[in-house]
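Single-letter residue listing:
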Amino acid sequence: METWEGLPSVSSVPTNSKAPQAKMSAQDSCLSLIKYLLFVFNLFFFVLGSLIFCFGIWILIDKTSFVSFVGLSFVPLQIWSKALATSGILTMGLALLGCVGALKELRCLLGLYFGILLLLFATQITLGILISTQRMRLERRVKDIVMETIQNYRSRPEESVAEESWDYVQFQLRCCGWNSPRDWFNIPSLVSNESEVHHVPCSCYNSSATNDSAVFDKLSFTQFSRLGPLARPRHSTDLCVVPANSNIYSEGCARSLQKRLHNNLISIVGICLGVGLLELSFMTLSIFLCRNLDQVYDRLARYR
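Computed from a predicted model, the values in this text were never measured in an experiment.

## Focus: the UniProt feature "transmembrane region" (unreviewed entry) in the protein
In the numbering used here, UniProt assigns the "transmembrane region" (unreviewed entry) feature to residues 36–61, 109–131 and 265–289. With 100% helix and 0% strand, residues 36–61 has its two end C-alpha atoms placed 37 Å apart. Across residues 265–289 one finds 100% helix and 0% strand; the C-alpha atoms that close the span lie 36 Å apart.

## Let's talk about the side chain of aspartate 167
Tracing the sequence through the fold places aspartate 167 in helix H6 (residues 161–173). With a relative accessible area of 0%, aspartate 167 lands in the buried category. Polar contacts involving the side chain of aspartate 167 include one to the side chain of serine 203, which spans 2.7 Å.

## Some remarks on the state of the cysteines
Using the criterion set out here, one finds two disulfides in the structure. The residue that forms a disulfide with cysteine 175 is cysteine 253, at a sulfur-sulfur distance of 1.9 Å. Residues cysteine 175 and cysteine 253 are joined through a disulfide that is right-handed, its torsion about the S-S bond being 85°. Placement of cysteine 175 in the loop between H6 and strand S1 (199–201) and of cysteine 253 in helix H8 (residues 253–263) is noted, with a sequence separation of 78 residues between them. Cysteine 253 gets classed as buried once you look at its relative accessible area, which sits at 1%. Cysteine 176 shares a disulfide with cysteine 204; S-S distance 2.2 Å. Between cysteine 176 and cysteine 204 the sulfur-sulfur dihedral comes to about 85°; the bridge is accordingly right-handed. Of the two residues, cysteine 176 is situated in the loop between H6 and S1 and cysteine 204 in the loop between S1 and helix H7 (213–218); the sequence distance between them amounts to 28 residues. When sorted by exposure, cysteine 176 lands in the same class as cysteine 204, which is buried. Summary of cysteine pairing: cysteine 108 is not part of a disulfide, and the nearest cysteine sulfur, belonging to cysteine 290, is at 8.8 Å.

What counts and how
- Residues numbered from 1 in each chain as written.
- Predicted model: local features only at pLDDT ≥ 70, side-chain atom pairs only at ≥ 80, totals over all residues.
- Heavy atoms only, no water.
- UniProt positions renumbered as here; feature names shortened; annotations may be inferred.
- Helix = DSSP H or I, 4+ residues; strand = E, 2+ residues; numbered from the N terminus.
- Buried < 20%, exposed > 50% of the residue type's maximum accessible area, 1.4 Å probe, protein only.
- Polar contact = N/O pair within 3.5 Å; in protein donor to acceptor, adjacent residues only side chain to side chain.
- Disulfide = S-S within 2.5 Å.

Written out as structure tokens, the structure reads:
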């Protein structure tokens, strides 16, 4: 059979029947990579959630050790431990959705995973906008809560969670009162009939300014157990106070808190941006995998 010179034969012409298969194989490999990336990342967060949950349960079981180490009394520590356990459970649940949905290629679980992440991301954005736009109102609300806590300080010993938490804040931030130590001067539980000297809680005492062992012994109760070996029992009516003219912190907690936030602003913004980008990455991977699963299945069925 005569052939035209310079033209290839039919047998040498490459057929394009393998092109769709190659394209399908490349897309399938890409989806497999995304699937296992999503699985590995969510497995990491599942383990992290498990550790947070176990840590919260550990605090609940072994309260005494953490009371002496952290410096919080039983009730605030119990609240924090329950918050940690709840956060761990939520993290584990969300990571489990991502792991199973990615590994088993279940669109319903991947869609639910994407929806929860989108809800969390939208909530964080909303909170950020509210905090930035309602900052003054939020500061006034926090001030009202703190001033109410100060006014009712130790008036009800059986309901002292807020007071003990505020003592811990003063001790950690090295401050006294909200605006200044004068916030404590007319508190009924701190007024002494025997002396006209104003008193403030022991959490206002600047322990680094003196080595007076007598004051150290006076400060040795639950909130400040690192200053002494003893711990004040829960709901104790014993009140630890020091004279306002002694070595106390002169700065109010409002100013101290503003300084702390300003000094750590870059870290806070970086953490928020990191969490947001991580959520966006997981949402992108999950929705991409979810939307392309049907196309892969159709191609597999067509070229089988």
